[in-house]
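Spelled out from the first residue to the last, the chains are:
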Amino acid sequence: MASIDTHSDTWRQIQQWAAEEREELVYQLIAGSANDDRLRGRIDQIDNLLRLGAKPDPTIPSPTY
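Being a predicted model, the structure only gives us computed values, none of them experimental.

Colleague: Break down the overall build of the chain for me, with residues and values.
Modeller: Within the chain, the secondary structure is distributed over two helices and zero strands. For the chain, the C-alpha radius of gyration of 17 Å lies well beyond 11 Å, the compact-globule estimate for 65 residues. Principal-axis analysis of the C-alpha atoms gives the chain an extent of 55 × 35 × 15 Å. Sorting the 65 residues of the chain into buried and exposed places 11% on the buried side. For the chain, long-range pairs separated by at least 24 residues make up 48% of all intrachain contacts whose partners lie at least 6 apart in sequence. Carbon and sulfur atoms make up 53% of the accessible area of the chain, which totals about 5700 Å². Side-chain charges of the chain comprise 7 positive and 11 negative groups, with the mean position of each set lying 2 Å from the other.

Right, here's the structure in full:
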């Protein structure tokens, strides 16, 4: 997988757009919609997109005995 420069202007714009889009989708979901499952799917995809920039969990070496 390609590395994401989380300090770039492009990534900051993506984060800003995703946060605004997610907020609007959550508002629509709370307000009630005939497409609740679709809204949940879009929210999940935005969450997945934002996780691409998250730092991976550190690897904990297992002890060898």
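There's plenty left to go through after this.
Colleague: Before we move on, can you summarise the nonpolar core with the specific residues and values?
Modeller: Residues Ala18, Leu25, Leu39, Ile43 and Ile46 constitute the largest nonpolar core, which totals five residues. The set of elements that each furnish at least two residues to this core consists of helix H1 (9-31) and helix H2 (36-51). In terms of residue count, the dominant contributor to this core is H2 (three residues).

Colleague: Pulling in residues and values, what's your account of H2?
Modeller: Helix length check: H2, at 16 residues, gives a terminal C-alpha distance of 23 Å against a target of 22 Å (1.5 Å per residue), a fit within 8%. Listed as buried for H2 are Leu39, Ile43 and Ile46. Projection of H2 onto a plane perpendicular to its axis shows the buried side chains occupying an angular sector of 60 degrees, all on one side. Relative to its buried face, H2 has exposed residues pointing more than 90 degrees away, namely Asp37, Arg38 and Gln45.

Colleague: So, H1: which residues are in play, and what are the values?
Modeller: The terminal C-alpha atoms of H1, which comprises 23 residues, lie 33 Å apart, in line with the 33 Å expected from a rise of 1.5 Å per residue. Listed in full, the buried residues belonging to H1 are Trp11, Ala18 and Leu25. Against H2 lie the buried residues of H1.

Criteria and thresholds
- Residues numbered from 1 in each chain as written.
- Predicted model: local features only at pLDDT ≥ 70, side-chain atom pairs only at ≥ 80, totals over all residues.
- Heavy atoms only, no water.
- Helix = DSSP H or I, 4+ residues; strand = E, 2+ residues; numbered from the N terminus.
- Rg over C-alpha atoms; globule rule 2.2 N^0.38 Å.
- Buried < 20%, exposed > 50% of the residue type's maximum accessible area, 1.4 Å probe, protein only.
- Contact = heavy atoms within 4.5 Å.
- Areas by Shrake-Rupley, 256 points an atom, 1.4 Å probe, with all protein chains shown as cover.
- Lys, Arg positive; Asp, Glu negative; His and termini not counted.
- Charge placed at Lys NZ, Arg CZ, Asp CG, Glu CD.
- Core = buried A, V, L, I, M, F, W, Y, C linked by side-chain atoms within 4.5 Å.
- Expected span 1.5 Å × (residues − 1).
- Arc of directions from axis to C-beta.

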